[in-house]
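# Working through the structure, step by step
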Amino acid sequence: MNQTKNQTVKNQFPTFTFLHMFFQPNSMFRIGVFLLSAIIFGNCIAIAQTNPIRGGTPPTPNNVTPNNIATNNVETITPNKENNITDPVVKAELEKAVEAFNKSKFPETLDILKTLCANHPEIAPPRVIMAQMFAEAKLGDAVRANLELGTEETPDDPEAYLLLGEIALRQRSLTAAELLLKRAAEKVQAYSANATRKKNLTSSLMRVFSDLYEVRQRWEQMEKCVNEQIQFDGQNATFLRRKGIAVFRQNRDDEAKQLFLQADQLDKENKEFGQKGLPADAAMSQLYLTRNDKDNARKSLEAALKAYPQSKEVLALSVQMRINDDQLEDAGNLSQKLLNDDQTSIPAKRLRATVALYLQDYPLAEKLFQELLLESPTDSQAQNGLALALCEQQNSPDKIKRALEYAVDNVRKNQNNSEFWGTLGWVQYQANMFDEATKSLRQSVATGSINAATAYYHARLAVKANKIDDAKQFLNLALQGNNQFAKRREAIQMQKELSK
């Protein structure tokens, strides 16, 4: 057992990843706090799949709102050349620490690091390095525990405070985040052991403060912070796009557009990397949605699609817009184009499968969700989509049986997921298991909330039980707010029929 465990840890920590990270502060906890920022900075196709208001179907695109928070991902450091470790003594000792860590000899690892850092105070403190190692092992509790100990053992070093502040920000503990970042700022100002490390810490601190101001919608402070970072680090496309967000949110639309255009130009000039963020018009379309200005959002996105017809990000957002506008046939064409451009793209395949489900092309939805599940057996959303696609093909008892198996298994593995309970209830309804469907749908609203698709399933069950008034109430609930879900068109037709 020990040997297996040690080997697993070793496989997660290739030695080279630790030999050049300890002079720079902390990109391992880099998070895109606003969903909007993540979209504008070029992660659109993956994020476009995430819908905080799901309609009982696989994740689908939705309008960007000011309070949509991005992922909780913890990323590993991407080292800068100037931070590579060249001191052979430091390098050798770090190799020893990594070797001990790979064997799960954590106290020994810490002892090596403490001795090393005592002799070389210019590198990161022992607990910060340990936290970095645990972060790569995806052991979040150990990361935080080491950082907390770091504030006790090396209280004058800024980095543990900075990382804890970023973790707090990611967890939406905004007051704690702000206090930790202010403490980190005090420590950075007083820090003098390593000029390069101080520069990197300062830059990271500006970035995280900018993220905090964005979450708290302090747009003037965000703009000021980004301006300071531009002065400190130099102008680049990312900073211009971040400033564009802050400027737009202060109702300076034309200035924001110019900033996005400048960012586009910098991307074009950087031929090695190409376009790194959304084109200006596409970025503006997402910002207009924060004001619920759908007309300008559509105009801007159409302009972006015309100018960048091959852009995966623009195509994904255009599919999103058409789904929200109930232009499902157009959404199907665009999502197919997106998939044709890259048949191996998981986000593109998921998006195409979702649109197929909306268009009632159940064989295609089944095929694509099945492929997604084969590629990632733990993909619960793909499993949910597959169950929904299968249960609609009632001419095949085998597919109904498989739908039940997938839906039951998904609920078993995700017992607190109301969406999956709703799917199970619908699958049972389709299988004429009405008593079981009633129980599952009740369970789906046990948390006190109900999504649009589940409300529609309740309405169908209420009609079956001849409870027409209940059905009308559920349909009103399903259709309020214009949220899209796979059965929206059927819900509208059903509402008309019950109102006659």
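Residues numbered from 1 in each chain as written. Predicted model: local features only at pLDDT ≥ 70, side-chain atom pairs only at ≥ 80, totals over all residues. Heavy atoms only, no water.

### A few points about the environment of Gln217
By the secondary structure assignment, Gln217 is in the loop between helix H9 (195-215) and helix H10 (219-233). In this structure Gln217 comes out as partly exposed when scored by relative accessible area, which is 31%. Between the alpha carbons of Gln217 and Arg249 there is a distance of 8.5 Å; along the sequence they are 32 residues apart. (Helix = DSSP H or I, 4+ residues; strand = E, 2+ residues; numbered from the N terminus. Buried < 20%, exposed > 50% of the residue type's maximum accessible area, 1.4 Å probe, protein only.)

### Quick look at the packing of aromatic side chains
Aromatic ring pairs are defined here through the distance separating the ring centres and the angle between the ring planes. Applying the stated rule across the entire model yields ten aromatic pairs. The interplanar angle of 75° and the centroid separation of 5.0 Å between the aromatic rings of Phe101 and Phe134 together place this pair among those described as edge-to-face. One end of the pair, Phe101, is in helix H3 (residues 88-102); the other, Phe134, is in helix H5 (residues 126-136), and 33 residues separate them in sequence. The class of Phe101 is buried, set by a relative accessible area of 1%. Ring-pair connections join several aromatic residues into one group, and the members of that group are Trp426, Tyr429, Phe434, Tyr456 and Tyr457. Looking at Arg291, its charged tip hangs above the ring of Phe248, at a distance of 3.9 Å from the centre. (Phe/Tyr/Trp six-rings, centres within 6.5 Å; stacked < 30°, edge-to-face > 60°. Lys NZ or Arg CZ within 6 Å of the ring centre and 35° of its normal.)

### Brief notes about the nonpolar core
Membership of the largest hydrophobic core comes to 107 residues, with the highest contact counts inside it found for Phe260, Phe369, Tyr456 and Phe485. Listed in part, the 27 residues of the second largest apolar core include Leu116, Val128, Ala131 and Ala142. (Core = buried A, V, L, I, M, F, W, Y, C linked by side-chain atoms within 4.5 Å.)

### Thoughts on the pattern of salt bridges
Considering all chains together, one arrives at 36 salt bridges under this definition. The salt bridge partner of Lys103 is Glu99, with a shortest N-O separation of 3.4 Å. We classify Lys103 as partly exposed; its relative accessible area is 39%. Arg183 serves as the salt-bridge partner of Glu186, at 3.7 Å between the closest nitrogen and oxygen. One end of the pair, Glu186, and the other, Arg183, are both in helix H8 (residues 174-190), three residues apart, so they sit about a helical turn from each other. Through salt bridges that share partners, Glu178, Lys182, Arg216 and Arg218 make up one connected network. (Salt bridge = Lys/Arg side-chain N within 4 Å of Asp/Glu carboxyl O.)

### Remarks on helix H24 (residues 468-479)
Look at H24: 16 Å from first C-alpha to last across twelve residues, which is about the 16 Å you get at 1.5 Å a residue. For H24, the complete set of buried residues consists of Ala471, Leu475, Ala478 and Leu479. For H24, the buried positions fall inside an angular range of 80° around the axis, keeping them on one side. Residues of H24 that are exposed and angled more than 90 degrees away from the buried face: Asp469 and Gln473. Packing partners of the buried residues in H24 comprise helix H23 (452-464) and helix H25 (488-498). (Expected span 1.5 Å × (residues − 1). Arc of directions from axis to C-beta. Contact = heavy atoms within 4.5 Å.)

### Some words on helix H19 (residues 380-391)
Its twelve residues place the ends of H19 17 Å apart at the C-alpha level, agreeing with the 16 Å of an ideal helix rising 1.5 Å per residue. Within H19, eleven of the twelve residues are buried, leaving the element largely enclosed by the surrounding structure. Buried within H19 are the following residues: Gln381, Ala382, Gln383, Asn384, Gly385, Leu386, Ala387, Leu388, Ala389, Leu390 and Cys391. Buried residues belonging to H19 abut helix H17 (346-358), helix H18 (362-375), helix H20 (397-413), helix H21 (418-430) and H23. The N-cap residue of H19 is Asp379: its side-chain oxygen and the backbone nitrogen of Gln381 are 3.3 Å apart. (Polar contact = N/O pair within 3.5 Å; in protein donor to acceptor, adjacent residues only side chain to side chain.)

### Here's the deal with the packing of helix H12 (residues 253-269) against helix H13 (residues 280-290)
H13 packs onto H12 with a crossing angle of 140° between their chain directions and a minimal axis gap of 9 Å. Viewed along their axes, H12 and H13 form a crossing whose handedness is right-handed. Only Ala280, Asp281, Ala283, Met284, Leu287 and Tyr288 of H13 make contact with H12, whose side of the interface consists of Asp253, Ala256, Lys257, Phe260, Leu261 and Asp264. Of the residues that constitute the contact of H12 with H13, the class distribution is eight nonpolar, no polar and four charged. (Axes fitted to C-alpha atoms, helices over the stretch in contact; angles between N-to-C directions. Left-handed = near helix turned anticlockwise from the far one by under 90°. Nonpolar A, V, L, I, M, F, W, Y, C, P; charged D, E, K, R; others polar.)

### Comments concerning unusual backbone geometry
If you check the backbone angles, Asn292 has positive phi at about 65° while not being a glycine. In this fold, Asn292 is placed in the loop between H13 and helix H14 (294-307). A residue is classified by how much of its surface remains accessible, and Asn292, at 55% relative accessible area, is exposed. Residue Asn466 is not a glycine yet carries a positive backbone phi of 60°. Counting through the fold element by element, Asn466 comes out in the loop between H23 and H24.

### Regarding the packing of H3 against helix H4 (residues 106-119)
Where H3 meets H4, the axes come as close as 8 Å, and the angle between the chain directions of the two elements is 165°. Compared by their axis directions, H3 and H4 come out roughly antiparallel. Viewed along their axes, H3 and H4 form a crossing whose handedness is left-handed. Within the contact between the two elements, H3 uses Val90, Glu93, Leu94, Lys96, Ala97, Ala100 and Phe101 and H4 uses Phe106, Glu108, Thr109, Ile112, Leu113 and Leu116. Residue classes in the contact of H3 with H4 are distributed as nine nonpolar, one polar and three charged. (Parallel < 35°, antiparallel > 145°, perpendicular 65-115°, else oblique.)

### Digging into the side chain of Gln229
Looking at the secondary structure, you find Gln229 in helix H10. A distance of 3.0 Å separates a polar atom in the side chain of Gln229 from the backbone oxygen of Ser203. In this structure, Gln229 is in contact with Ser203, Met206, Arg207, Gly234 and Phe239, ignoring residues within four places of it in sequence.

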